[in-house]
Amino acid sequence: MEKAILKTLIYADIFDYPLKINEIHKWLIGRKVTLRQVEKALKRLSQVSSIKYQGGYYFLGWRNGLVAERRRREKQSAVYLKKVSLLSQILKVIPWIKLVGISGGLALHNASKKDDIDLFIITNKNRLWISRLLSLGLLSLTGQRRKVGEKGRKIAGKLCINTLLEDMRLEQTNKDIFVAHEVLQMKVLWQRDGVYSKYLSDNDWAFKFLPNWTTNVSSPRRRGSNKQREMVNWIPAFAGMTMERIAKWFQLKIMQKPTGMERIEDGALYFHPNDIRQEVLSKYEQKLKKIISP
């Protein structure tokens, strides 16, 4: 149990993110336990000074200043969440989008003032490219879309669509602790037809890494989607596929060669210029070897 808690705190430490006791339980790596068991184990760890407790948060004993930093990021995240919750509503006019969510640090209220806002989108089958094209167009009209090549202060608070999946292509190929976190910490802004439940079901492998995780997001079936379904049905299948092919051709033509974690797959698009996954996994393994004895 103590090792599982240390693993959890080590992983959170990579993101400068101290945890409350209920968060340690929720994100506990590899152990299905009760909150009471976590409480007892934390007391034992605190006695041997492996971890530190301050202001309701637990973190690795030698890491000072994390609590104040988390509180600053929570305040900034509240501003960004209010902004993205409002702007994401305009994407509802696109009938093929079934879910819009937030990924990255903001999903855990851990965004700094310099960060952009990562959007996660699920679309209907064979409507990925047309949905992306229309989404980028609408976000551009707001003046809040992060543009290619922008860096530094220019990206602060801007919206970036970095993951798009078709509803028949929700299962993630990579299955590790990083992707498990990305899957389960994604914050839903709005959804249609209960697709979030399907997303969790198709990625149920993530619960092997994080078995205590739960969500309070409800997934009502067909809630508020009648108008969108009527519009989709009004567009002939042939016309829809034609628009999809044209949208794909146009976007591939103007795209630069994919780098880093940018991947273009059938039914899935990933636009992550920096290979954060490999960096995080490497740091995690190094810290495990250093802190937890074999």
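To be clear, the structure that these remarks concern was listed above.
Residues numbered from 1 in each chain as written. Predicted model: local features only at pLDDT ≥ 70, side-chain atom pairs only at ≥ 80, totals over all residues. Heavy atoms only, no water.

Caption draft 1: Fine view of the overall build of the protein chain. Across its full length, the protein chain carries eleven helices and eight strands. The burial tally for the protein chain puts 48% of its 294 residues in the buried class. Long-range pairs, those at least 24 residues apart, make up 74% of the contacts in the protein chain with a sequence separation of at least 6. Here the protein chain displays about 15700 Å² of accessible surface, and carbon together with sulfur accounts for 54% of that area. (Helix = DSSP H or I, 4+ residues; strand = E, 2+ residues; numbered from the N terminus. Buried < 20%, exposed > 50% of the residue type's maximum accessible area, 1.4 Å probe, protein only. Contact = heavy atoms within 4.5 Å. Areas by Shrake-Rupley, 256 points an atom, 1.4 Å probe, with all protein chains shown as cover.)

Caption draft 2: The pairing of strand β1 (residues 51-54), seen in detail. Relative to strand β2 (residues 57-60), β1 runs antiparallel, the two being bridged by four bridges. Its bridge partner lying in β2, Ile51 is registered against Leu60. In this antiparallel pair of consecutive strands, β1 and β2, the connection spans two residues, and Gly55 shows a positive phi of 60 degrees. (Pairing = 2+ DSSP bridges.)

Caption draft 3: Seen up close, a nonpolar patch on the surface. On the surface, Trp249, Phe250 and Ile254 cluster together into a nonpolar patch covering about 360 Å² of accessible area. With respect to the element layout, Trp249 can be found in helix α10 (residues 237-254). Overall, the relative accessible area of 54% leaves Trp249 in the exposed class. (Patch = residues over 30% accessible without salt bridge, like charges linked within 9 Å, V, L, I, M, F, W, Y side chains within 5 Å. Salt bridge = Lys/Arg side-chain N within 4 Å of Asp/Glu carboxyl O.)

Caption draft 4: How the structure looks around the nonpolar core. Among the nonpolar cores identified, the biggest contains 51 residues, and Ile5, Ile24 and Tyr199 are the most heavily contacted of them. Listing elements by their share of this core, those giving two or more residues are α1 (2-14), α3 (35-47), β2, β4 (117-123), α6 (177-185), α7 (195-202), β8 (268-270) and α11 (276-291). The greatest single-element share of this core, amounting to eight residues, is contributed by α1. Setting aside chain neighbours within four positions, we find Tyr199 in contact with Phe120, Ile122, Leu165, Leu170, Glu182, Val183 and Met186. Ile97, Val100, Trp129 and Ile161 belong to the second-largest nonpolar core, a separate cluster that totals 28 residues. (Core = buried A, V, L, I, M, F, W, Y, C linked by side-chain atoms within 4.5 Å.)

Caption draft 5: Summary view of the environment of Ile5. Mapped onto the elements, Ile5 comes out in helix α1. Overall, Ile5 belongs to the buried group, its relative accessible area being 0%. The sequence separation of Ile5 and Leu45 amounts to 40 residues, and the corresponding C-alpha distance is 9.0 Å.

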